[in-house]
Amino acid sequence: KSHRNKFADYGAAFGEGDVVTCCVDRGRREVSFGVNGVHHGKAFAIPRTWDGVALFPALCAREAFKATGYFGCPEHPKV
């Protein structure tokens, strides 16, 4: 995971063909991720100052990559 250009170990490595799921839980105030259906727990806390603020998806990586996004797609695999 990365925040403000600081990288930390989190979750599992993933590659081509893997499904990475991002979960935003406003009730618990956290963002978490899963890889291929395996949940990796809390990655980030959502600050109270973000209550009512829209969140938009963004992807970043250290190297070039290709991704396909699914947003609320019913046939998408879920964690």
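Cut-offs used in this document
Residues numbered from 1 in each chain as written. Predicted model: local features only at pLDDT ≥ 70, side-chain atom pairs only at ≥ 80, totals over all residues. Heavy atoms only, no water. Helix = DSSP H or I, 4+ residues; strand = E, 2+ residues; numbered from the N terminus. Buried < 20%, exposed > 50% of the residue type's maximum accessible area, 1.4 Å probe, protein only. Contact = heavy atoms within 4.5 Å. pLDDT = per-residue confidence, 0-100.

**Here's the deal with the overall build of the chain**
Piece 1. Helix and strand counts for the chain come out as 0 helices and 5 strands.
Piece 2. When the helices and strands of the chain are listed from N to C terminus, the series reads β-β-β-β-β.
Piece 3. Relative to its full complement of 79 residues, the chain shows a buried share of 15%.
Piece 4. Counted over contacts in the chain with a minimum sequence separation of 6, partners at least 24 positions apart contribute 33%.

**A word on the environment of Phe44**
Piece 1. Its place among the elements puts Phe44 in strand β5 (residues 38-45).
Piece 2. The exposure class assigned to Phe44 is partly exposed, which follows from its relative accessible area of 22%.
Piece 3. In the structure, Phe44 is positioned 13 residues away from Val31 in sequence and 5.1 Å away in space, judged by C-alpha atoms.
Piece 4. Apart from the residues within four sequence positions on either side, Phe44 is in contact with Lys1, Ser2, His3, Arg29, Glu30, Val31 and Phe33.

**Points about the confidence of the model for the chain**
Piece 1. Per-residue pLDDT for the chain has a mean of 82; in total, 89% of the residues score no lower than 70.
Piece 2. Here strand β1 (residues 2-3) stands out as the least confident element of the chain, with mean pLDDT 81; β5 is the most confident, with 91.

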